[in-house]
Amino acid sequence: LPENDTAQLKEFGSAITRLYGKSLADAAGGTTVVTFPAAVSFDRTVAMEWLYEGQHIHRYAIEARDADNGVWRELYRGTTIGHKKIDVFPRTAARQVRLRVAAATGSPRIQSFQVFHS
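Please read all numbers here as calculations on a predicted model, not as lab measurements.

How each quantity is defined
- Residues numbered from 1 in each chain as written.
- Predicted model: local features only at pLDDT ≥ 70, side-chain atom pairs only at ≥ 80, totals over all residues.
- Heavy atoms only, no water.
- Salt bridge = Lys/Arg side-chain N within 4 Å of Asp/Glu carboxyl O.
- Helix = DSSP H or I, 4+ residues; strand = E, 2+ residues; numbered from the N terminus.
- Buried < 20%, exposed > 50% of the residue type's maximum accessible area, 1.4 Å probe, protein only.

Engineer: Looking at this structure, I do not really get the pattern of salt bridges. What am I missing?
Structural biologist: Side-chain pairs of opposite charge can arise where the charged atoms are in close proximity. One pass over the structure, following the stated rule, counts six salt bridges. Across the pair Arg91 and Asp43 runs a salt bridge whose closest N-O atoms are separated by 3.2 Å. Taken together, the positions of Arg91 in strand β5 (residues 85-104) and Asp43 in strand β2 (residues 32-49) put the pair 48 residues apart, joining distant regions of the chain. On the basis of relative accessibility, which here comes to 5%, the residue Asp43 falls in the buried class. With its nearest N and O atoms 3.0 Å apart, the salt bridge here joins Glu63 to Arg100. Placement of the pair is Glu63 in strand β3 (residues 57-65) and Arg100 in strand β5, with a sequence separation of 37 residues. Members of the salt-bridge network, linked through shared partners, are Asp43, Arg44 and Arg91.

It is worth stressing that arrangement in space is one thing and function is another; only the former is reported here.
So, in structure tokens, the structure goes:
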């Protein structure tokens with residue numbers, strides 16, 4: 001590869017590592033809830049679905065629990081997750097974050113659910 005292209009690819013790799021190198025939390029399961037000891041600031045999540053029996057999730061939501069009234073507030077609504085889905089939304093702070101499956105065929109299985117702050 002030309003030197004200029006190599007430099008740009010290294011820069012891109014560094015940016016990806018900066019954004020996704022260290023998760024604030026990592027969980028797995030069906031409807032997945034992550035709880036922190038204190039409120040954390042975050043603006044993106046990465047979800048992965050187990051695909052060994054096919055893709056099952058058709059609709060889902062990323063939600064944060066409001067510390068004041070305990071109500072879950074929707075941050076992002078999406079469709080399929082598949083192998084890996086990165087969702088970006090306005091920065092928010094919360095003690096609890098969840099991935100709620102709204103529609104699926106069969107039994108959806110979350111391989112990984114991670115929370116990040118850029």
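What follows continues from the structure just given.
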